[in-house]
Amino acid sequence: MGIKVEFNPDLALRNISEHKQGRRKIEECIPEDLRAGQTYDFLKRDQRNYWLYGSIPLIETQGNEVLSRPKASIVILEATHFVDNNIMYTKGVYKVIEVFMDDAVHFEGFDLVGTRK
């Protein structure tokens, strides 16, 4: 028996319509009015580890690893693991650095475009 942990290079949340239709909690979704400089809570099922020392992409997931291009550059400020009804979760807080309004490439691997030396 081992410890199941997932390492995520991004934060993948659902479309806000999932919350509006009652299928997801608000923390599981990308906020409708996502703004640079604001902080938001997130909630993910399972035990996940995130990069905390710099920007990562915020992406939208439809489930089954169907992912969008980055919607924003974020920094995760805190992440905590907890168990509820024998289900492992990761919750935390992220700060939006920049919101992307186009389909341009904004990350090179794990680095924001233009920041790699």
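> How should I be thinking about the pairing of strand β8 (residues 87–99) in this particular structure?
Of the strand pairs in this sheet, strand β3 (residues 39–45) and β8 are connected by 7 bridges, and their pairing is antiparallel. Residue K44 lies in a different strand from β8, and its bridge partner there is T90. Note: strand β7 (residues 72–84) against β8, 12 bridges, orientation antiparallel. Residue I74 lies in a different strand from β8, and its bridge partner there is V96. Here β7 folds back onto β8 in antiparallel fashion, the turn holding 2 residues, of which N85 has a positive phi close to 55 degrees.

> Can you walk me through the nonpolar core in this structure?
One finds L11, L34, L58, I74 and Y94 to be the most contacted residues of the largest nonpolar core, which totals 14 residues. Elements represented by at least two residues in this core include exactly β2 (11–13), β3, β5 (56–63), β7 and β8. For this core, the element with the highest residue contribution is β7, accounting for 3 residues. Dropping the residues within four chain positions of it, L58 is found in contact with L11, L13, I30, L34, P70, K71, A72, I74 and Y94.

> So what exactly am I meant to see when it comes to a nonpolar patch on the surface here?
Together, I3, V5 and F7 give the surface a local cluster of nonpolar side chains, amounting to about 350 Å² of exposed area. Position of V5 among the secondary structure elements: in the segment before β1 (6–8). For V5, a relative accessible area of 30% translates into the label partly exposed.

Cut-offs applied
Residues numbered from 1 in each chain as written. Predicted model: local features only at pLDDT ≥ 70, side-chain atom pairs only at ≥ 80, totals over all residues. Heavy atoms only, no water. Pairing = 2+ DSSP bridges. Helix = DSSP H or I, 4+ residues; strand = E, 2+ residues; numbered from the N terminus. Core = buried A, V, L, I, M, F, W, Y, C linked by side-chain atoms within 4.5 Å. Buried < 20%, exposed > 50% of the residue type's maximum accessible area, 1.4 Å probe, protein only. Contact = heavy atoms within 4.5 Å. Patch = residues over 30% accessible without salt bridge, like charges linked within 9 Å, V, L, I, M, F, W, Y side chains within 5 Å. Areas by Shrake-Rupley, 256 points an atom, 1.4 Å probe, with all protein chains shown as cover. Salt bridge = Lys/Arg side-chain N within 4 Å of Asp/Glu carboxyl O.

Purely spatial values, then, with no claim about function.
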